[in-house]
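# Summary of the model geometry
Single-letter residue listing:
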Amino acid sequence: MRWQNILLLLIISGSSILAGCQAWFNRPPVAVIQAEPTSGPAPLRVNFDGSASHDPDGRVASFHWGFGDDSQTDGVTATHVYHLAGIYQASLTVSDAGGRRGRDTVEITVRQPSEDYRPVKVWGSWGAGEGELGHPRGIAISGAERVLIADTGNDRVVLFTDEGEFIEKWGGHGSKLGRFSAPQGIAVGPDDDVYIIDSGNRRVQRLSSTGRPLGAWEVEGPGDPYAIAVGRDGSVFVTDRGAHSIYKFAPDGQLQARWGGEGRYRGQLSRPSGLAVAPDGSIYVSDTGNHRIQQFNQAGAAIAEWGSYGRGEGELSWPMGLAIDADSYIYVADSQNSRVQKFSDEGTPVAAWAVEDGERPAFPCALAVDGEGYVYVLDLANSRILKFGR
């Protein structure tokens, strides 16, 4: 039997040697990053592609990305937005079924965004004629590149092209559906319907994209409903300056939540005006009387706050209108400072520019941002719209 034992030992040893050789000769996979673009001003959206990665002995089993700013994800491809200026080392780590890894890196250079916002178009003047406005307080952009204005003093909605050409007007004074009394806030929903704070009638009106009345609901209480925003799911949010509160309505107008209350602590409000819904669903509010911005979740819990009274960078004086772009930058109508301030979603000041008109004082009360990054500012004092670009 000795020769059988020797044969068994040889077989076991051979298998071990073969397994060891296979492990020894298992070459690591090769990671290859393709990134576009690799430099530009913030916010910089970079598309990453690892599909050129390969394994000499088989196939790549997993892809892991690190973007150099503590963000990570998995997948063959990835997209990442860099919000702050800096030099980042993005990396791709690939692994094979045997656990061997390969790694590649690419340098991403993010420059400071241009702070040189300049007016590229200005239109409007006080009056009731075609293209004129009566101290308007609300502005919104539709997907059809139309600028919609809540023309408060004229009890109507006025539509312009994004170059300031008059299109049409809706409404007129009255209480029937499709008529208004001192309309203030205006917003466009995900279905392109238009929502209006019909403040004199203490209600929200919903119109089609062509101005056809679709319905309305009351905003109860003795307050002062002012601004409106619509989330991606159709939820409607309204600020009430008199009640120092925020209301959340279902798409059919049913009240779902209310939060705030007068005060200075986090979560409390003082004459809140502008509000906007971020891509992540959180709600940013101009806490006007407290000279700050507050962030809430959908249930009304306060998440963050920033700002204090003043004229310096990041300081605010009676902030009103709010808008958020696709990259989650927040634009604030810093009304009594006659300027617009731009912040990151964490409240870091990014840019600021004056809203001026020679010797006439300006009072930016509302604003909107289109898909190309142009900022439209409503100047209440001069009944006009200013379109800013870089």
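Figured I'd write up the structure that's included with this text.

Conventions used here
Residues numbered from 1 in each chain as written. Predicted model: local features only at pLDDT ≥ 70, side-chain atom pairs only at ≥ 80, totals over all residues. Heavy atoms only, no water. Helix = DSSP H or I, 4+ residues; strand = E, 2+ residues; numbered from the N terminus. Buried < 20%, exposed > 50% of the residue type's maximum accessible area, 1.4 Å probe, protein only. Lys, Arg positive; Asp, Glu negative; His and termini not counted. Salt bridge = Lys/Arg side-chain N within 4 Å of Asp/Glu carboxyl O. Polar contact = N/O pair within 3.5 Å; in protein donor to acceptor, adjacent residues only side chain to side chain. Pairing = 2+ DSSP bridges. Axes fitted to C-alpha atoms, helices over the stretch in contact; angles between N-to-C directions. Contact = heavy atoms within 4.5 Å. Phe/Tyr/Trp six-rings, centres within 6.5 Å; stacked < 30°, edge-to-face > 60°. Lys NZ or Arg CZ within 6 Å of the ring centre and 35° of its normal.

Next up on the list: the side chain of Asp96. Locating Asp96 in the fold gives a position in the loop between strand 7 (86-95) and strand 8 (101-111). One buried charge, Asp96, has no salt-bridge partner; the nearest side chain with opposite charge is Arg100, at 6.0 Å. A polar contact of 3.0 Å, which involves the side chain of Asp96, links it to the backbone nitrogen of Gly98. Polar side-chain contacts of Asp96 include one of 2.8 Å to the backbone nitrogen of Arg100.

Of the consecutive residues Glu36 and Pro37, the connecting peptide bond is found in the cis state with omega at -5°. Summarising the element assignment, Pro37 is placed in the loop between strand 1 (34-36) and strand 2 (39-41). Phi at His135 is positive, roughly 50°, even though this residue is not glycine. Judged by relative accessible area, which is 35%, His135 ranks as partly exposed. Non-glycine residue Trp318 carries a positive phi angle of around 55°. Here Trp318 lies in the loop between strand 25 (302-306) and strand 26 (319-324).

So, about the pairing of strand 26. Among the six residues that make up strand 26, six are buried, leaving the element largely enclosed by the rest of the structure. Note: strand 26 against strand 27 (residues 330-334), four bridges, orientation antiparallel. The partner of Ile324 across the bridge, within strand 27, is Ile330. Where strand 26 hands over to strand 27, the hairpin turn is made up of five residues, of which Ser328 adopts a positive phi near 70°.

Think of a sheet as strands paired side by side through backbone hydrogen bonds, with each pair either parallel or antiparallel. Across the sheet, four strands lie side by side as 14-15-16-17; this open sheet has antiparallel pairing. Each edge of the sheet is formed by a strand with only one pairing partner; in this case those strands are strand 14 (183-188) and strand 17 (213-218). Neighbour-to-neighbour, the strand axes of the sheet open up by a mean angle of 20°, direction not taken into account.

Our next topic: the environment of Trp306. Mapped onto the secondary structure, Trp306 falls in strand 25. Judged by its relative accessible area of 11%, Trp306 falls in the buried class. Distance from Trp306 to Gln295, taken between C-alpha atoms, is 9.0 Å for residues 11 residues apart in sequence. Once residues within four sequence positions are removed from consideration, Trp306 is found in contact with Tyr284, Arg292, Ile293, Ile330, Phe343, Ser344, Asp345, Glu346 and Gly347.

Ordered in space as 10-11-12-13, the four strands form an open sheet in which the pairing is antiparallel. The strands lining the two open edges of the sheet, one partner per strand, are strand 10 (138-141) and strand 13 (166-171). Averaged over all pairs of adjacent strands, the angle between their axes in this sheet comes to 20°, without regard to strand direction. Judged from the four bridges that link them, strand 10 and strand 11 (residues 146-151) form a sheet pairing that is antiparallel. Within strand 11, the residue paired with Ile141 across the bridge is Val147.

One pass over the full model with this rule turns up 12 aromatic pairs. The interplanar angle of 75° and the centroid separation of 6.3 Å between the aromatic rings of Phe160 and Phe166 together place this pair among those described as edge-to-face. Assessed through its relative accessible area of 27%, Phe166 is described here as partly exposed. Taken together, the aromatic side chains of Phe48, Trp65 and Phe67 make up a single cluster linked through ring pairs. Directly above the aromatic system of Tyr329 lies the positively charged group of Lys342, at a separation of 4.8 Å from the ring centroid. The lysine or arginine in question, Lys387, covers the ring of Tyr374, its NZ or CZ lying 4.5 Å from the ring centre.

Moving on, we get to the pattern of salt bridges. For the coordinates displayed, the defined rule picks out 13 salt bridges. Its salt-bridge partner being Arg206, residue Asp191 comes within 2.7 Å of it at the nearest N-O pair. Of the two residues, Asp191 is situated in the loop between strand 14 and strand 15 (194-198) and Arg206 in strand 16 (residues 203-207); the sequence distance between them amounts to 15 residues. Between Asp198 and Arg203 there is a salt bridge, with its nearest N and O atoms 2.7 Å apart. The network of salt bridges with shared partners includes Arg266, Asp287, Arg292 and Glu305.

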